[in-house]
Amino acid sequence: MRAALEAASDAPGYPQTYGTPAVRSAVADWFARRRGVPGLDPDGVLPTIGSKEFVAWLPTLLGLRPGDLVVHPEAAYPTYDIGARLAGATPVPADGTAQVGPAAGSVRLVWLNSPGNPTGRVLGWEHLAKVVAWARSIGAVVASDECYAELPWECGEIPSILDPRVCGGSHDGLLAVYSLSKQSNLAGYRAAFAAGDPHLVRELLEVRKHAGMMVPWPVQEALRAALADDGHVAAQKARYRARREILRAALEHAGFRIDHSEAGLYLWATRDEPCWDTVAWFAKAGILVAPGTFYGAAGVRHVRVALTTTDERAEAFGARLARA
Ligand SMILES: Cc1ncc(COP(=O)(O)O)c(C=O)c1O
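What counts, and where the lines are drawn
Residues numbered from 1 in each chain as written. Predicted model: local features only at pLDDT ≥ 70, side-chain atom pairs only at ≥ 80, totals over all residues. Heavy atoms only, no water. Salt bridge = Lys/Arg side-chain N within 4 Å of Asp/Glu carboxyl O. Helix = DSSP H or I, 4+ residues; strand = E, 2+ residues; numbered from the N terminus. Buried < 20%, exposed > 50% of the residue type's maximum accessible area, 1.4 Å probe, protein only. Pairing = 2+ DSSP bridges. Contact = heavy atoms within 4.5 Å. Axes fitted to C-alpha atoms, helices over the stretch in contact; angles between N-to-C directions. Parallel < 35°, antiparallel > 145°, perpendicular 65-115°, else oblique. Nonpolar A, V, L, I, M, F, W, Y, C, P; charged D, E, K, R; others polar. Near = heavy atom within 4 Å. Polar contact = N/O pair within 3.5 Å; in protein donor to acceptor, adjacent residues only side chain to side chain. Areas by Shrake-Rupley, 256 points an atom, 1.4 Å probe, with all protein chains shown as cover. Expected span 1.5 Å × (residues − 1). Arc of directions from axis to C-beta.

To continue, consider the pattern of salt bridges. Once the charged atoms of two side chains with opposite charge are near each other, the side chains can pair. Overall, the coordinates contain 21 salt bridges when judged by the stated rule. One salt bridge connects E150 with R34, and the closest N-O pair in it is separated by 2.7 Å. Residue E150 is found in the loop between β5 (141-145) and α6 (164-167), and its partner R34 is found in helix α2 (residues 21-34); the two are separated by 116 residues along the sequence. Take E150: its relative accessible area is 9%, and that puts it in the buried class. Since its relative accessible area comes to 35%, R34 is described here as partly exposed. Between R257 and D259 there is a salt bridge whose closest N-O contact spans 2.9 Å.

Time to look at the pairing of strand β1 (residues 45-49). Burial runs high along β1: four of the five residues are buried. Looking at chain direction, β1 and strand β7 (residues 191-196) are connected through five bridges and run antiparallel. If you follow I49 over to β7, its bridge partner there is A191.

Before going further, it helps to examine the environment of A263. By the element assignment, A263 lies in the loop between β8 (257-259) and β9 (266-270). Note on A263: relative accessible area 0%, which makes it buried. When the C-alpha atoms of A263 and L151 are compared, they prove to be 5.6 Å apart, with 112 residues separating the residues in sequence. Leaving out residues up to four positions away in the same chain, A263 has contacts with P115, G120, V122, L151, P152, W153, C155 and I158.

This brings us to the sheet that holds β8. Strand-to-strand pairing in sheets goes through backbone hydrogen bonds, with the strands running parallel or antiparallel. Taken together, four strands build an open sheet; the order of strands is β8-β9-β11-β10 and the sheet is antiparallel. Every interior strand has two partners, whereas the edge strands, β8 and β10 (290-291), have only one. Where β8 lies against β9, three bridges are found, and the strand directions are antiparallel. Directly across from D259, in β9, lies its bridge partner W268. Helix-sheet contacts for helix α10 (residues 231-253) involve β8, β9 and β11 (303-306), and the interaxial angle to β9 is about 0 degrees.

What follows concerns the packing of α10 against helix α12 (residues 311-323). With their axes 9 Å apart at the nearest point, α10 and α12 run at an angle of 10 degrees to one another. Judged by the angle between their axes, α10 and α12 are roughly parallel. The segment α10 lies against α12, with R243, I246, L247, A250 and L251 engaging D311, A314, E315, F317, G318 and L321. Tallied by class, the residues present in the contact of α10 with α12 amount to seven nonpolar, one polar and three charged.

Looking along the chain, the bond that leaves S114 and enters P115 is cis, with omega of -10 degrees. Take P115: it is sitting in the loop between β4 (107-113) and α5 (125-138). Here the amide bond leading from N117 into P118 is cis, since omega sits at 15 degrees, within 30 degrees of zero. Mapped onto the elements, P118 comes out in the loop between β4 and α5. Residue H260 is not a glycine yet carries a positive backbone phi of 50 degrees. When you line up the elements, H260 lands in the loop between β8 and β9. Of note, the phi angle at S261 is positive, near 55 degrees, even though the residue is not glycine.

So, about the site of the ligand. In the vicinity of the ligand, 14 residues are found, and the nearest of them are D145, Y148, S181, K182 and R190. A distance of 2.7 Å separates an oxygen atom of the ligand from a polar side-chain atom of S51. Between an oxygen atom of the ligand and a side-chain N or O atom of R190, the distance comes to 2.6 Å. Burial of the ligand by the protein chains amounts to 91% of its free accessible area of 390 Å².

Taking 1.5 Å of rise per residue, the 13 residues of α12 would be expected to cover 18 Å, and the 19 Å separating its terminal C-alpha atoms lies within 8% of that figure. If you check which residues of α12 are buried, you get A314, A316, F317 and L321. Buried residues of α12 fall within an arc of 160 degrees about the axis and therefore sit on the same side. Facing away from the buried surface of α12 by more than 90 degrees, the exposed residues are A322 and R323. Along its buried surface, α12 packs onto α10, α11 (275-284) and β11.

Take a look at the structure:
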């Protein structure tokens, strides 16, 4: 990735907002090879400056306005909520379509996140297919944030929203959102993309061109190199797996229950007490964890423990918890 970045560093011209044809083909090939999505149309691919900007601005780029609803998971990455608010729309935390009730007519965008942050929950084909059918029946777009898809631990395959078993072979109204920040440890490059419905992507592209949302060409080249190589993803995954085993065992030994967490970068832990009490207990042991309420009211009795630490810090976590 660094070699690809360096080889592309003579880049005085503006990059293509749409991404080069080579980048868009690399994304389509990757979906076929890694995500069970054959035949993705490269016209339906859009590079993004990391996925956070896309999550934050998608409601605005889609033209959402006051009165429109954006559904997102109950315990969720906070940017889904922020993005709805930036557009003046209303965020609605809901894990099931039935929870939305009679307001469904105002839903314009549904965010899914599987595997989830902070819960590590994985949504199966049936669940995804049900959401797609529901969203299509009310004319809403489904955006599925799949950035942890290469980190399964205790689950089978992690389906993409674009998988034919989920969407019936049509990508109408659907976008999968992916990032190299996790699988390739590449957060500093801001290398990510969205893919799916080519008509939707073209509309977004028009606005993004005028808003200057361009991925630098050297980063596009690094992204292309990363997507063509599965070896480094396996190596990164092995590191996380080893750290996860240490953290998980230490937490269980200390009396925590781990909920979900079958995939992704987090352990969603609880001792059935208010999350701030748990945070304070960890702090006394010299350990920083995130209170579940950072991710919504649904997290009031959980804390999020991240696997993004060094091997040495993971060992220290185990030792400190044992002493505590
Ligand atoms: C669920 C989820 N989506 C998106 C992002 C953003 O990642 P990036 O902007 O680095 O691509 C994160 C980062 O933590 C995340 O947890």
